Amino acid sequence: MARTRKRIVRWINHYNNRQKILLVGEGDFSFSSCLANAFGSATNMVATCLHSKDVQKTKHRTSIAHLELLKRKGCTVLHEVDVHDMNHHQTLYYMKFDVIIFNFPHAGHYNYLRETDDELIEMHKALLEGFFKSARELLNEKGEVHVTHRDDFPYKRWNLEKLARKSGFILKQKVEFKKVDFPGYHNKRGGEINCNKKFPLNECFTFKFSLPEKSAEIYDCVSDTQINKLAAGFQGFHLNN
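Residues numbered from 1 in each chain as written. Predicted model: local features only at pLDDT ≥ 70, side-chain atom pairs only at ≥ 80, totals over all residues. Heavy atoms only, no water.

As recorded by an unreviewed UniProt entry, the chain carries the name 25S rRNA (uridine-N(3))-methyltransferase BMT5-like domain-containing protein and is attributed to Acer negundo.

Here it is, written out as structure tokens:
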């Protein structure tokens, strides 16, 4: 009788090849490509971007080689995926993931707006709020949402943790993000201005969010204080049992 060959677990930082991973808002797909190289295969991954295939190649010419690699490694690549309603996407609708990754979310660059302007900050917050709502529907019960984000001014004003709580997520862990840990990854600006150029990372962290173990429905009308109490109650339940 033939023996079943065990699948070797391959890790790169927080991620391994046994996790079902969804990557959203990819710039030139260099992060997805980095994971695929580390795993030796990308059959456990779905990598997405907002742009069409043609626009993607124009905005991020460096993505061509990465997309070719992902195809060879067996990754599912989806274009024109909006994080606000990705849970309704025809391919993603029936899927569940162990990890959903959104690196350096950004609502775009505009000549008339600076990063410190309230109008742009509100746009960033709306992007993330929509992302958390749709990500919740695509997450396994014990899955995690990872958002890598600059944690200095003015980016702290986005109130990332508060936005996550609106969709019922609690912060599980906050770890320093080091680009050197992900060989070949290049952070891209995106948007309409110098889209293929990199931006300074400064003080960055990966925020790992999860749902409380005894999940309850949490609506937008629930106050931050109530959500904090609910999350604390679930954590207490875990500690006492």
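Next comes the rest of the write-up.
Our next topic: the nonpolar core. Met-86, Phe-131, Phe-132 and Val-145 are the most contacted members of the largest nonpolar core, which totals 31 residues. Broken down by secondary-structure element, the contributors of at least two residues to this core are strand S3 (21-24), strand S6 (97-103), helix H4 (118-138), strand S7 (139-150), helix H5 (160-166) and strand S9 (204-210). With residues near it in sequence (within four places) discarded, Met-86 still touches Leu-22, Val-24, Val-81, Leu-92, Phe-131, Ser-134, Ala-135 and Leu-138. By size, the runner-up hydrophobic cluster in this structure holds 26 residues, among which are Tyr-15, Leu-23, Phe-39 and Cys-75. (Core = buried A, V, L, I, M, F, W, Y, C linked by side-chain atoms within 4.5 Å. Buried < 20%, exposed > 50% of the residue type's maximum accessible area, 1.4 Å probe, protein only. Helix = DSSP H or I, 4+ residues; strand = E, 2+ residues; numbered from the N terminus. Contact = heavy atoms within 4.5 Å.)

Judged by how many residues are buried, S7 sits mostly within the fold: nine of 12 residues are covered. Strand direction decides the pairing type here: S6 and S7, joined by six bridges, are parallel. Bridged to Phe-97 within S7 is Leu-139. Traced from S6 through H4 to S7, the parallel crossover comes out right-handed. (Pairing = 2+ DSSP bridges. Right-handed = clockwise from strand over helix to strand, strands pointing away.)

Time to look at the sheet that holds S6. What the seven strands build is an open sheet, ordered S5-S4-S3-S6-S7-S9-S8; its pairing is mixed. Strands at the two margins of the open sheet, each flanked by one partner only, are strand S5 (76-78) and strand S8 (170-176). This sheet shows a mean twist of 20° between the axes of neighbouring strands, independent of strand direction. Sitting on the sheet, helix H1 (residues 30-39) touches S3, strand S4 (45-48) and S6, and the angle it makes with S4 is about 165°. (Axes fitted to C-alpha atoms, helices over the stretch in contact; angles between N-to-C directions.)

Before going further, it helps to spend a moment on the pattern of salt bridges. Counted by the stated rule, this structure contains nine salt bridges. The partner of Asp-151 in a salt bridge is Lys-156, with the nearest N and O atoms 3.5 Å apart. Judged by relative accessible area, Asp-151 falls into the buried class, the value being 10%. Several salt bridges share partner residues, and in doing so they unite Glu-129, Lys-133 and Lys-166 into one network. (Salt bridge = Lys/Arg side-chain N within 4 Å of Asp/Glu carboxyl O.)

With respect to the element layout, Glu-144 can be found in strand S7. Among the polar contacts listed, one links the side chain of Glu-144 to the side chain of Lys-172, at a separation of 2.6 Å. Once you skip the residues sitting within four places of it in the chain, Glu-144 turns out to touch Asp-98, Val-99, Ile-100, Leu-139, Lys-172, Lys-208 and Phe-209. (Polar contact = N/O pair within 3.5 Å; in protein donor to acceptor, adjacent residues only side chain to side chain.)

Below, the discussion takes up the packing of aromatic side chains. Taken as a whole, this structure holds 15 aromatic pairs when the rule is applied. Their ring planes at 40° and their centres at 6.5 Å tell us that Tyr-15 and Phe-182 sit as a pair that is tilted. On the criterion of sequence distance, the pair formed by Tyr-15 in strand S2 (residues 15-16) and Phe-182 in the loop between S8 and S9 is long-range, its members being 167 residues apart. Like Tyr-15, the residue Phe-182 is buried in the burial classification. (Phe/Tyr/Trp six-rings, centres within 6.5 Å; stacked < 30°, edge-to-face > 60°.)

Tracing the backbone shows Leu-128 in helix H4. Given a relative accessible area of 0%, Leu-128 falls into the buried group. Sequence separation between Leu-128 and Val-83 is 45 residues; the distance between their C-alpha atoms is 8.5 Å. Leave out the neighbours within four places in its chain, and Leu-128 touches Pro-105, Val-147, Trp-158, Leu-160 and Leu-163.

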